[in-house]
Amino acid sequence: QTEINWWHAMGGTNGERIDKMAADFNASQSDYVVKPSYKGNYTETMTAAIAAFRAGEQPHLVQVFEVGTATMMAAKGAIYPVEKLMADAGEPFNGDDYLPAVVSYYQTPEGELLSMPFNSSTPVLWYNADALEAAGVEVPGTWEEVDAAAKALVDNGMKCGISFGWQSWVMIENFSAWHDLALGTKENGFAGFDTELTFNNDQVAARLQAVADMQADNKFVYGGRRGDSLPMFTNGECGMWMNSSAYYGSIVGQAKFKFGQTMLPLDKTVADAPQNSIIGGATLWALQGHESDEYKGLAQFLTYLSSPEVQAWWHQETGYVPITKAAAELSKEQGFYESNPGTDTAIKQLSLNTPTANSRGLRFGNFVQIRDVINEEMEALWAGNISAQEALDNAANRGNDLLRKFERSVK
Ligand SMILES: O=P(O)(O)OC[C@H](O)CO
């Protein structure tokens, strides 16, 4: 049997789900064995794959989060574009079967799909329905209402009104897309690597300053990067939480209260209506340097992972969006959205309007490092050391240095 190595960043229950998908594929045929390995969080997995490539020990397939896209694209000799891989292996593949908001993020300007969509998400507003009811407030739809709801929750005895995670993604990248504001020049980097960050505008600064000010009476409490603040929501400390739709599986498993998810709040001082949110999560990148028979097995595995049954199952278990139209349709037929109200929020947000240059996504080089810089500056804001405008100016300046460094490295 031919071995196919798959490195991924899914810990805990999602890691078990990955193992199950690989085991099911392995049981469905006898030529190939897919071996999944957990390599740490998204950054650690990506770094491990790059180091392994340099050492000639790269896996066939690696899961890379969305902000690693420009870096992977630039690693030309290292990646095997999946659309080409599927064609070379004679495996049927049609990009039109996938959700436009997902594929467009991973296509070259010429329309070639580089990596296989697998686990795409988008941030939503999670709420503790019992707590909101007890505080006598409705589910908020605007930032003004979020502020009022947070106050009512704290007044009613909660430790915190709202928290969030993946703060660059939620509060800068998606806040901007949702309100049709640019993150940077050159169509957020899609039109060229010679781009500059512009997210340090008045609108984003005003929103972040208002959030920082909400800390005074615990209407907002910061709880760390990525998903670190999840327990604050599931333990019942915070009544609202903004983060990935893909926390659905964890929240179902952990929350002992009635919860729901709704669209991201609208800042009415910035826009009259929301635009659309952008994806997060990750895709699967094939790496060069292996035998053609191995790529044949990999192509079959990618077809298996994208099948309506597998994708609908993964979507319903985790809260990642169904990446194909068929998987979304199957979930509907199976009555998933009817039995679990709110689980279509992510799809609705992503397809709310035709994306603009500001809301298609982002493609900035070194963005993994830029997110670290944004995290540092936002944490200085939450600590009360600097204003929101200073935090954003610092992040944009430091980020622009990293963009220039990236531009030099790809020339
Ligand atoms: O938690 P995930 O997998 O939805 O990913 C969140 C962010 O998009 C990662 O960049």
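In this numbering scheme, every chain counts its residues from 1 along its sequence in written order. Given that the model is predicted, a residue must reach a pLDDT of at least 70 before its local features are reported, and side-chain atom pairs must reach 80 or more before they are shown or counted; all residues, however, enter totals for whole chains, interfaces and linings.

Asker: Help me get a handle on the overall build of the protein, residues and values and all.
Answerer: Helix and strand counts for the protein stand at 19 helices and 10 strands. Sorting the 411 residues of the protein into buried and exposed places 51% on the buried side. Think of it this way: build a C-beta for each residue from its backbone, and any pair within 7 Å is a contact. Sequence-distant contacts, at least 24 apart, represent 76% of the contacts inside the protein between residues at least 6 apart. What counts as a helix is a DSSP run of H or I of at least four residues, what counts as a strand is a run of E of at least two, and both are numbered from the N terminus. With C-beta atoms placed from the backbone, the exposure class of a residue follows from how many other C-beta atoms lie within 10 Å of its own: 20 or more, buried; 12 or fewer, exposed; in between, partly exposed.

Asker: Let's hear about the site of the ligand: which residues, and what values?
Answerer: Neighbouring the ligand are Tyr 42, Phe 65, Glu 66, Val 67, Asn 119, Ser 121, Trp 166, Trp 169, Ser 244, Ala 246, Gly 280 and Gly 281. Among the secondary structure elements, those contributing two or more residues to the shell around the ligand are strand E5 (116–121) and strand E10 (280–287). A domain split of the shell around the ligand shows at least three residues from each of domain 1 (2–121 + 280–333) and domain 2 (123–277 + 358–410). As a rule, any residue with its backbone-derived C-beta atom within 6 Å of a molecule or strand is reported as near that molecule or strand. Domain segmentation is taken from an automatic or database assignment of domains.

Asker: Requested: an account of the pairing of E10, with residues and values cited.
Answerer: Across the 8 residues that make up E10, a large majority, 8, are buried. On E10, burial covers both faces: Gly 280, Ala 282, Leu 284 and Ala 286 on one face and Gly 281, Thr 283, Trp 285 and Leu 287 on the other are all buried. Pairing of strand E3 (residues 61–65) with E10, which is carried by 5 bridges, proceeds in the antiparallel orientation. Of the residues in E10, the one forming a bridge with Phe 65 is Ala 282. As paired strands, strand E4 (residues 79–80) and E10 are joined by 2 bridges and run antiparallel to one another. Bridge assignment links Ile 79 to a residue of E10, and that residue is Leu 287. Strand pairing requires that DSSP identify at least two bridges connecting the strands. For E5 and E10, the ladder comprises 5 bridges, and the chain directions are antiparallel. Paired with Ser 121 across the two strands is Gly 280, which belongs to E10.

Asker: Tell me about the environment of Tyr 38, and name the residues and values.
Answerer: With respect to the helices, strands and loops of the structure, Tyr 38 is situated in strand E2 (residues 32–38). Separated by 32 residues in the primary sequence, Tyr 38 and Trp 6 place their C-alpha atoms 8.6 Å from one another.

Asker: Which residues make up the domain arrangement of the protein, and what are the values?
Answerer: Taken domain by domain, the protein comprises domain 1 (2–121 + 280–333) and domain 2 (123–277 + 358–410). Its C-alpha centre places domain 1 at a distance of 27 Å from the equivalent point of domain 2. Secondary structure elements with two or more residues in the side of domain 1 that touches domain 2: helix H1 (12–28), helix H2 (42–54), helix H3 (69–74), E5, E10 and helix H14 (308–318). At 4 residues, the largest contribution of residues to the side of domain 1 that touches domain 2 is made by H3.

Asker: So what's going on with the environment of Asn 353? Residues and values would help.
Answerer: Position of Asn 353 relative to the elements: it lies in the loop between helix H17 (345–350) and helix H18 (367–382). Between the alpha carbons of Asn 353 and Gln 369 there is a distance of 30 Å; along the sequence they are 16 residues apart. If near-sequence neighbours (up to four positions away) are discounted, Asn 353 is found in contact with Gln 275 and Asn 276.

Asker: Account for the sheet that holds strand E9 (residues 259–262), naming residues and giving values.
Answerer: Spatial ordering of the open sheet is given by E7-E8-E6-E9, a layout of 4 strands whose pairing is mixed. One side of each edge strand has no neighbouring strand; the edge strands of this open sheet are strand E7 (160–164) and E9. Looking at each pair of strands side by side, their axes are set apart by 20° on average, direction ignored. The convention used is that axes are lines fitted to C-alpha atoms, helices contributing only their stretch in contact, and that angles between N-to-C directions extend from 0 to 180 degrees. Of the strands in this sheet, E7 and strand E8 (238–244) touch helix H7 (residues 143–155), which is tilted by about 130° from E7.

Asker: Give me the nonpolar core: which residues, what numbers.
Answerer: Note on terminology: a nonpolar core is a set of buried residues of type Ala, Val, Leu, Ile, Met, Phe, Trp, Tyr or Cys, with members joined through C-beta atoms within 7 Å. Judged by nonpolar contacts, the single largest core of 121 residues is most densely connected at Trp 126, Ala 150, Met 240, Ala 286 and Leu 298. It is helix H19 (residues 388–410) that contributes the most residues to this core, 7 residues altogether. Domain assignment of the residues forming this core places at least three in each of domain 1 (2–121 + 280–333) and domain 2 (123–277 + 358–410). Once residues within four sequence positions are removed from consideration, Trp 126 is found in contact with Phe 233, Met 240, Trp 241, Asn 243, Ile 251, Phe 259 and Gln 261.

Asker: Lay out the packing of helix H10 (residues 202–213) against H19 in plain terms, naming residues and giving numbers.
Answerer: Two elements in contact, H10 and H19, have axes whose closest approach is 8 Å; the angle formed by their N-to-C orientations is 125°. When the interaxial angle is binned, H10 and H19 end up oblique. Every pair of crossing elements has a handedness; the one defined by H10 and H19 is right-handed. Residues Val 204, Ala 205, Leu 208, Gln 209 and Ala 212 of H10 form the contact with H19, whose participating residues are Ala 388, Gln 389, Ala 391 and Leu 392. For the contact of H10 with H19, the residue count by class is 7 nonpolar, 2 polar and no charged. Throughout, the term roughly parallel applies to angles under 35 degrees, roughly antiparallel to angles over 145, roughly perpendicular to angles from 65 to 115, and oblique to all others. What makes a crossing left-handed is the near helix being turned counterclockwise from the far one by less than a right angle; a clockwise turn instead makes it right-handed. Only Asp, Glu, Lys and Arg are considered charged, only Ala, Val, Leu, Ile, Met, Phe, Trp, Tyr, Cys and Pro nonpolar, and every remaining residue, Gly among them, polar.

Asker: Got a sec to walk through the confidence of the model for the protein? Specific residues and values, please.
Answerer: Confidence scores labelled pLDDT are given residue by residue by the predictor and lie between 0 and 100. The predicted model of the protein has a mean per-residue pLDDT of 97, with 100% of residues at 70 or higher. Quick note on the complex model: pTM equals 0.97, ipTM equals 0.97.

Asker: Explain the packing of helix H8 (residues 167–178) against H10 residue by residue, including any values.
Answerer: In the contact formed by H8 and H10, the axes pass within 11 Å of each other and the chain directions differ by 135°. When the interaxial angle is binned, H8 and H10 end up oblique. Between H8 and H10 lies a crossing of right-handed hand. Facing H8, whose interface residues are Met 171, Ile 172, Phe 175 and Ser 176, H10 presents Val 204, Arg 207 and Leu 208. In terms of residue class, the contact of H8 with H10 is built from 5 nonpolar, 1 polar and 1 charged.

Asker: Before we move on, could you go through H14 and cite the residues and values that matter?
Answerer: If you check which residues of H14 are buried, you get Gln 311, Ala 312, Trp 313, Trp 314, His 315, Gln 316 and Thr 318. Buried residues in H14 make contact with H1, helix H12 (248–254), helix H15 (325–333) and helix H16 (336–339). Directly after H14, the chain includes Gly 319, whose backbone phi takes a positive value near 95°.

Asker: Outline H15, listing residues and values.
Answerer: Taken together, the buried positions of H15 are occupied by Ala 327, Ala 328, Leu 330 and Ser 331. Angularly, the buried residues of H15 cover 160° about the axis, an arc narrow enough to put them on a single face. At its buried positions, H15 is contacted by H14, H16 and H17. A positive backbone phi angle near 80° is found at Gly 335, which sits one or two residues after H15. This arc is taken over the directions from the axis of the helix to the C-beta atoms.

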